[in-house]
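# Report on the structure
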Amino acid sequence: MAENVSIPAEGSVKEKVELLIPQLKALTEDEPDLIANMGNIASALKEAFDFFWVGFYRVDGEQLVLGPFQGPVACTRISYGRGVCGTAWKQGKTLVVPDVDQFPGHIACSSRSRSEIVIPLFREGKVCAVFDVDSDELDRFSETDAFYLEKVVSLLKF
Ligand code: SME
């Protein structure tokens, strides 16, 4: 598989994701290394949507540890139940946060982050990682964004 992905410059989240998914599927399906696949998915989404920060945290015992990401340097470890990421892990559900300043315990890795979405990822019914996207715009993420971002990260096989 050629390691290139044509990044859609225009279109709705649905249109962009529908163009990205077959390409990312082809890029990742024969590659067993999770870190490599997380890296390419983070890169493609950062380019397609110009998110401020996009990446993964992996469960390591009672903490999340920073995984592949695109964007500014971020917090390395987050405890279970802490911040948006640790809460999405604890609750086992996607969290869309329109204003991070209104989320109790939000962890500000960057003061520029204004809104956020975190999607938990599961292995054998347990959360094994979270996918985190930050925007420097307030209220950047809708339930539609959540739906399509979930589709992209569901390409990862744990
Ligand atoms: N804001 C997150 C921390 C991770 S960074 O945004 C990359 C949180 O509250 O869990």
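Here, the structure is the one placed above.
All of these numbers come straight from a predicted model, not from anything done at the bench.

It is worth spelling out the site of the ligand at this point. The full set close to the ligand counts 13 residues, and V84, C85, I107, E116 and D134 are the nearest of them. D132 places a side-chain nitrogen or oxygen 3.4 Å from an oxygen atom of the ligand. D134 places a side-chain nitrogen or oxygen 2.8 Å from an oxygen atom of the ligand. Within the residue set of the shell around the ligand, elements represented by two or more residues are strand 1 (53–60), helix 3 (83–91) and strand 6 (126–135). When residues of the shell around the ligand are assigned to their parent elements, the largest contribution, 3 residues, is made by helix 3. A breakdown of the residues in the shell around the ligand according to their chemical character gives 8 nonpolar, 2 polar and 3 charged.

Within the chain, D50 stands out as a residue other than glycine whose phi angle is a positive 55°. Note that D50 resides in the loop between helix 2 (34–49) and strand 1.

The subject of this paragraph is the sheet that holds strand 2 (residues 63–70). In space, the 6 strands of this open sheet follow the order 3-2-1-6-5-4, with antiparallel pairing throughout. Only two strands of the sheet have a single partner each, and these edge strands are strand 3 (77–79) and strand 4 (95–97). Adjacent strand axes in the sheet meet at a mean angle of 25°, parallel and antiparallel pairs treated alike. Across 3 bridges, the pairing between strand 2 and strand 3 is antiparallel. Bridge pairing in strand 3 links L64 to I78. Lying on the sheet, helix 2 is in contact with strand 1, strand 2 and strand 6; it crosses strand 1 at an angle near 155°. Across the sheet, helix 3 is in contact with strand 1, strand 2, strand 3, strand 4, strand 5 (115–123) and strand 6; its angle to strand 5 comes to roughly 40°.

Overall, the coordinates contain 7 aromatic pairs when judged by the stated rule. Between the aromatic rings of F147 and Y148, the centroid separation amounts to 4.9 Å while the plane-to-plane angle is 90°, which identifies the pairing as edge-to-face. With a relative accessible area of 43%, F147 lands in the partly exposed category. Put simply, the rings of F49, F51 and F141 pair up and form one aromatic cluster.

Taking 1.5 Å per residue as the helical rise, helix 1 (residues 13–28) with its 16 residues ought to reach 22 Å, and the 21 Å between its terminal C-alpha atoms agrees with that figure. Helix geometry: helix 1 is bent most strongly at L20, by close to 30°, with proline P22 lying one to four residues after it. Listed as buried for helix 1 are V13, K16, V17, L20, L24, L27 and T28. Considering only its buried residues, helix 1 is in contact with helix 2 and helix 4 (143–153).

Let's shift gears to the side chain of S115. Along the polypeptide, S115 turns up in strand 5. From its side chain, S115 meets the backbone oxygen of E137 in a polar contact 2.5 Å long. Those residues within four positions of S115 in sequence are excluded, and the remaining contacts are V97, P98, V100, V133, D134, S135, E137, L138, D139, R140 and F141.

A few words now on the packing of helix 1 against helix 4. Packing of helix 1 against helix 4 brings their axes to within 10 Å, and their N-to-C directions diverge by 5°. Here helix 1 lies roughly parallel to helix 4, going by the angle between them. Residues V13, K14, V17, I21 and L24 of helix 1 form the contact with helix 4, whose participating residues are T144, D145, Y148, K151 and V152. Classifying every residue of the contact of helix 1 with helix 4 gives 6 nonpolar, 1 polar and 3 charged.

Calculation rules
Residues numbered from 1 in each chain as written. Predicted model: local features only at pLDDT ≥ 70, side-chain atom pairs only at ≥ 80, totals over all residues. Heavy atoms only, no water. Near = heavy atom within 4 Å. Polar contact = N/O pair within 3.5 Å; in protein donor to acceptor, adjacent residues only side chain to side chain. Helix = DSSP H or I, 4+ residues; strand = E, 2+ residues; numbered from the N terminus. Nonpolar A, V, L, I, M, F, W, Y, C, P; charged D, E, K, R; others polar. Pairing = 2+ DSSP bridges. Axes fitted to C-alpha atoms, helices over the stretch in contact; angles between N-to-C directions. Contact = heavy atoms within 4.5 Å. Phe/Tyr/Trp six-rings, centres within 6.5 Å; stacked < 30°, edge-to-face > 60°. Buried < 20%, exposed > 50% of the residue type's maximum accessible area, 1.4 Å probe, protein only. Expected span 1.5 Å × (residues − 1). Bend = angle between axes of the 7 residues up to and from the residue. Parallel < 35°, antiparallel > 145°, perpendicular 65-115°, else oblique.

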